[in-house]
Amino acid sequence: MVETVHPFYEDHRGAMEAAMRQRLDLAEAMLGEHIHPSSVDGIKREVMDEFAIVLTQMPYVGGAESRMSDFFMRLLGFMAISRVLQRHGVPLSVIGEIERDTYKAQLLTVPEAERLASGQHFLSPENQAFLREQAEKSRQEQFPEDFVYDFVEPGPGDDFEFGINYKACGFCKFAARHGDKDILPNICGLDFDAYATRGIHLERTQTLAGGASHCDFRFSRLRSA
């Protein structure tokens, strides 16, 4: 049976593949430190082949109607990188470092003004209202492979602007389904730079991947040093 890519992801395939190629180019020097330089081009091709498999595995969670579709499209490609590097004997901790450094470098290719404007929008009252709606919608569990989460209002004495408690994680479900549990923490590690490069401080003390009952994301404005 030939595996197919969901039409929603097929429509975005070109952009996702371009992002993957950019990541691999940015990672090339780091890959060369842990894999013989003559093998790097082959590794990059192998990752793109693995990404084609990941595309067929990506769960549909509502397309444009769900904010979590974007998370899958931006981050599941790192599963392909992890799988390939693990097959080539690269330690998981090193894979995590390569992926975090690569993702940060990729995020920083976006002009600072654009990144900070995105962060301002994320923290805005308008987006918080949107997140409340999306959280309520997630609890209906229309799509079994989706995330389920609550919006968290700050209480007296709290110094964050708002939070999200993820009670079910689409990445955890994906990893369990496809045998990627050991590389799952590398995906979790990408979150901090994803927000910091947009001027947002993320505090998180526990994750579902680490065995907790929920992931406790707390967001505030990143203070200048």
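As the structure is a computational prediction, the values presented were derived from the model and not from experiment. (Residues numbered from 1 in each chain as written. Predicted model: local features only at pLDDT ≥ 70, side-chain atom pairs only at ≥ 80, totals over all residues. Heavy atoms only, no water.)

K.L.:
Even after reading the chapter, I still don't get the environment of Gln57, so can you show me in this structure?
P.N.:
When you line up the elements, Gln57 lands in helix H3 (residues 40–57). A sequence separation of 140 residues divides Gln57 from Thr197, and the C-alpha atoms of the two residues are 29 Å apart. In this structure Gln57 touches Arg83, Phe174 and His178, once residues within four positions along its chain are discounted. (Helix = DSSP H or I, 4+ residues; strand = E, 2+ residues; numbered from the N terminus. Contact = heavy atoms within 4.5 Å.)

K.L.:
How do you make sense of the nonpolar core when you look at a structure like this?
P.N.:
The tendency in soluble globular proteins is for nonpolar side chains to be buried as a group. Formed by 64 residues in total, the largest nonpolar core has its most connected members in Tyr9, Met58, Leu85, Phe171 and Phe219. Per-element accounting of this core gives the leading share, seven residues, to H3. Those residues in contact with Leu85 that lie beyond four places of it in its chain are Leu31, Ile35, Ile43, Val90, Ile95 and Ile98. (Core = buried A, V, L, I, M, F, W, Y, C linked by side-chain atoms within 4.5 Å. Buried < 20%, exposed > 50% of the residue type's maximum accessible area, 1.4 Å probe, protein only.)

K.L.:
What am I meant to see in the state of the cysteines here?
P.N.:
Two cysteines, two sulfur atoms, one covalent bond between them: this is a disulfide. Tallying each qualifying case throughout the model produces zero disulfides. In this structure Cys188 is not part of a disulfide, and its nearest cysteine sulfur, from Cys172, lies 6.0 Å away. Taking relative accessible area as the criterion, Cys188 reaches 16% and is therefore assigned buried. Cys169 provides the cysteine sulfur closest to Cys215, a residue in no disulfide bond, and the two sulfurs are 5.8 Å apart. Overall, Cys215 belongs to the buried group, its relative accessible area being 7%. (Disulfide = S-S within 2.5 Å.)

K.L.:
So what exactly am I meant to see when it comes to the pairing of strand E1 (residues 148–152) here?
P.N.:
When a strand is regular, its side chains alternate between the sheet's two faces. Most of E1 is tucked away: five of the five residues are buried. Both faces of E1 are covered, namely the face carrying Val148, Asp150 and Val152 and the face carrying Tyr149 and Phe151.

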